[in-house]
Amino acid sequence: MSLVRTATGERLSSVVLTPMPAGVDRRLFEKTRPRRVEPLAAPPAGSGLTAVPGDAGPPLIGHTLSYIRYGSTFTRARHAALGPVSWCGFVGEHVVIAAGPDATHQVLTNPDKAYSQDGWRFLVDDFFHRGLMLLDGDEHRVHRRVMQEAFTAPRIRGYVDRTVPVLREAIPTWPRGQQIRIYPMLKSLTLDVATHVFMDDRSGPEADAVNQAFMDCVQAASSIVRRDLPGTRYRAGLRGRALLERYFTAALPAKRESDGDDLFAALCRARTPEGEAFSDADVVNHMIFLMMAAHDTSTITSAAAAYYLAAHPQWQERARAESLALGDGPPDLAALQSLTTLDLVIKESLRLAAPVPVVMRRTTKDTALLGHFLPAGQLVMAAGATNHHDPAIWTDPDVFDPERFAEPRREDKAHRDAWIPFGGGVHKCLGMLFGSLEVTAILHELLRHHRITVAPGYEPRWDNTSLPVPADGLPLRLERWTDRTM
Ligand code: HEM
């Protein structure tokens, strides 16, 4: 795999994402359709199972580049062409795509303990080693129970109270009357929130080095060159990981003594009623993973929601009216939860632009998925974002229509796995509540100060090299909201 990635080159994704005229793009997408459908592995005789259908795609790289360019449009097309269980060539392996609510449900709930998190470890272990999402079985259960102590309602209330001042300081100063790339601005903001809320208030050169190390780890996790070679993102990521380990290890003794209300202090103190607690190494590993899990996903969600609010001014006005009605004081958890229009808009943004469109697993033994045979050691991609566009569940699935989440429609209730941006089963996102509140607080502050607009006809393009991020930084404009000049 590393050879394949080395051969394809470090900056390939930017070439793969080159904008093209719609007709050319359509023809290019046509080429990703399975040509010669082949079985993945022969089912055991007499098992009654069928082979998974699919195709490897171009030699060595398989369909990796198609996924980078088309993301969940690619997995949806595979679902339409080959059904809920198919396979394709991907990052030098063959991956099974589990698409649609029944297939994802079985993989995520994992009733036969046939799926492990090795699908993630294979991609990101060098940088997020022993993060909660990378653990399995009893070890994962114990670590999750301990970590839950840092995500109780009172703790989350405290994190929200630490988040809001960071947003109120930054967002009103964002430039108006010119095009801004909202994605990098939100990324820097959510990284500030994460350092403030998770690690306590820090500033100065050390904070900058720590933030840079996080960004290096995130970039390295999706780099095409997977070797410690000079000048590569991968080497920068390995160095970043080493710096983070040193930083958190050095800060740990003081944190263990502190009674702070940041997440780092909370993890040091976390203890289950049975007395289970984290070792020093556990706290360091979890902090590094949590910083990544928390800020990238919130950035993508707030960027997508800001775009949809800009593209749908009637929803923007409706959400703004509720935000203004809250008054000028800093909102607490209850106030943020009362913003029902933003809640609908965020849910619809998470449906249409899921920040984690697929989750990775690997089979630990031969198993069956919806009547198909999966051999042991098989890489599996549970493509939850395909469910978000299923016409059997959603009316006009490609249309932005937040009302679909409101009573009496509640289209999300059509199936347990209809809407799964936070995953499902034992690995379901532990930061779901805090992440949603953070995004709500960001949009609330944006709406209180600015009107958000977007150029007519603009369509976001997503780079799916790792989590989907706007390929062009998502150009929007901020105006004074009292202006009627849109
Ligand atoms: C909109 C924001 C977010 C989205 C869409 C999101 C999505 C996800 C998804 C899909 C998973 C499941 C991965 C899997 O099954 O393999 C996950 C796991 C996780 N997330 Fe989030 N996440 C978000 C925000 C956050 C935040 C803010 C935090 C922490 C403060 C967080 C912490 C975690 C943790 C610890 C796990 C691993 C859980 C486990 O393995 O038991 N996430 N997230």
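Residues numbered from 1 in each chain as written. Predicted model: local features only at pLDDT ≥ 70, side-chain atom pairs only at ≥ 80, totals over all residues.

Heads up, the rule is: UniProt positions are given in the numbering used here, feature names are shortened, and annotations may be inferred rather than shown by experiment.
Per an unreviewed UniProt entry, the protein goes by Cytochrome P450 and derives from Actinomycetospora rhizophila. Under the UniProt heading Cofactor (unreviewed entry), the entry covering the protein gives this text: "heme".

## Brief notes about the overall build of the protein
Applicable threshold: Working definition: helices are DSSP H or I runs of at least four residues, strands are E runs of at least two. Numbering for both runs from the N terminus. Counting other C-beta atoms within 10 Å of a residue's C-beta gives its exposure: the residue is buried at 20 or more, exposed at 12 or fewer, and partly exposed in between, where C-beta atoms are placed from the backbone. Once C-beta atoms are placed from the backbone, any two residues with those atoms within 7 Å are in contact.
If you tally the helices and strands in the protein, you get 19 helices and 15 strands. Once the C-alpha set of the protein is aligned to its principal axes, its extents read approximately 70 × 55 × 50 Å. Looking at the 486 residues of the protein, the share that counts as buried comes to 47%. Considering only intrachain contacts with a sequence separation of at least 6, the fraction spanning at least 24 residues in the protein is 73%.

## Quick look at the sheet that holds strand S10 (residues 372-374)
Formally: DSSP calls a pair of strands paired once it identifies at least 2 bridges connecting them.
On the basis of which strands lie adjacent, the open sheet formed by three strands has the order S2-S10-S9 and mixed pairing. Strands with a single pairing partner mark the edges of an open sheet, and in this sheet they are strand S2 (50-51) and strand S9 (367-369). Judged from the three bridges that link them, S9 and S10 form a sheet pairing that is antiparallel. Looking at S10, one finds that Thr367 is bridged to Leu374.

## Comments concerning the site of the ligand
Stated precisely, the cut-off is as follows: Defining nearness, a residue is near a molecule or strand when the C-beta atom obtained from its backbone falls within 6 Å of it. Note on residue classes: Ala, Val, Leu, Ile, Met, Phe, Trp, Tyr, Cys and Pro are nonpolar, Asp, Glu, Lys and Arg are charged, and everything else, Gly too, is polar.
The full set close to the ligand counts 21 residues, and Thr297, Gly423, Cys429, Gly431 and Gly435 are the nearest of them. Those elements giving two or more residues to the shell around the ligand turn out to be helix H14 (280-311) and helix H19 (432-449). The element best represented in the shell around the ligand is H14, accounting for six residues. Its residues placed into classes, the shell around the ligand shows 13 nonpolar, seven polar and one charged.

## Details of unusual backbone geometry
Of note, the amide linkage connecting Glu407 to Pro408 takes the cis form, showing an omega dihedral of 0°. For Pro408, the location among the structural elements is in the loop between helix H18 (384-387) and H19. In the Ramachandran plot, Leu370 falls in the positive-phi region, its phi being about 45° despite a non-glycine side chain. Assignment of secondary structure puts Leu370 in the loop between S9 and S10.

## Side note on helix H10 (residues 182-199)
Put simply, the rule is: What a helix is expected to span follows from its residue count: subtract one and scale by 1.5 Å.
With 18 residues, H10 should reach 26 Å at 1.5 Å per residue; the first-to-last C-alpha distance of 25 Å fits that figure. For H10, the buried fraction is high: 14 of the 18 residues fall into the buried class. Positive phi appears at Asp200, one or two residues downstream of H10, with a value of about 85°.

## Description of the sheet that holds strand S3 (residues 53-55)
Worth spelling out the cut-off: Fitting a line to C-alpha atoms yields each axis, with helices limited to the stretch in contact; the angle taken between N-to-C directions then spans 0 to 180 degrees.
Strand order across the open sheet formed by seven strands is S1-S3-S4-S5-S11-S8-S6, with mixed pairing between neighbours. Every other strand in the sheet has two partners, leaving strand S1 (38-39) and strand S6 (115-116) as the edge strands with one partner each. Across the face of the sheet, helix H5 (residues 72-82) comes into contact with S3, strand S4 (85-90), strand S5 (93-99) and strand S11 (379-383) while running at roughly 80° to S5. Most of the contacts of helix H7 (residues 118-128) go to strand S8 (residues 359-363), to which it runs at about 115°, and overall it touches S6, S8 and S11.

## Observations concerning the environment of Asp296
Along the polypeptide, Asp296 turns up in helix H14. For Asp296 and Val469, which are 173 residues apart along the polypeptide, the C-alpha to C-alpha distance reads 9.1 Å. The contacts of Asp296, once residues within four sequence positions are left out, are Val218 and Leu467.

## Here we look at helix H8 (residues 137-148)
Our working rule: Each C-beta atom gives one direction from the helix axis, and the arc is the one those directions make.
Here H8 contains 12 residues, and its C-alpha end-to-end distance of 16 Å stays within 8% of the 16 Å for a straight helix at 1.5 Å per residue. Every buried residue of H8 is listed here: His143, Val146 and Met147. Seen end-on, H8 carries its buried residues on one side only, within an arc spanning 95°. Set apart from the buried face of H8 by more than 90 degrees, the exposed residues are Gly137, Asp138 and Arg141.

## Quick notes on the packing of H14 against helix H17 (residues 340-352)
Convention followed: By the definition adopted for this analysis, an angle is roughly parallel if under 35 degrees, roughly antiparallel if over 145, roughly perpendicular if from 65 to 115, and oblique otherwise. Left-handed describes a crossing whose near helix is turned anticlockwise from the far helix by less than a right angle; the clockwise case is right-handed.
In the contact formed by H14 and H17, the axes pass within 9 Å of each other and the chain directions differ by 110°. By the angle between their directions, the pair H14 and H17 is classed as roughly perpendicular. The crossing of H14 and H17 is right-handed. Contacts between H14 and H17 pair Thr301, Ala304, Ala305, Tyr308 and Leu309 from the former with Val345, Ile346, Ser349 and Leu350 from the latter. In terms of residue class, the contact of H14 with H17 is built from seven nonpolar, two polar and no charged.

## Side note on the environment of Val52
By the element assignment, Val52 lies in the loop between S2 and S3. On the basis of neighbour counts, which here come to 26 C-beta atoms within 10 Å, the residue Val52 falls in the buried class. The spacing of Val52 and Phe434 is 382 residues in sequence and 39 Å in space, taken between C-alpha atoms. Apart from residues lying up to four places away in sequence, Val52 is in contact with Pro39, Leu40, Val85, Ser86, Trp87, Val96, His372, Phe373 and Leu374.

## A closer look at the nonpolar core
It is characteristic of soluble globular proteins that their nonpolar side chains tend to be buried jointly. What counts, and what does not: The term nonpolar core means buried Ala, Val, Leu, Ile, Met, Phe, Trp, Tyr and Cys residues held together as one set by C-beta atoms within 7 Å.
Ranked by size, the top nonpolar core spans 126 residues in total, and within it Val96, Ala98, Leu267 and Ala306 carry the most contacts. The dominant element in this core, judged by the number of residues it contributes, is H14, at 19 residues.

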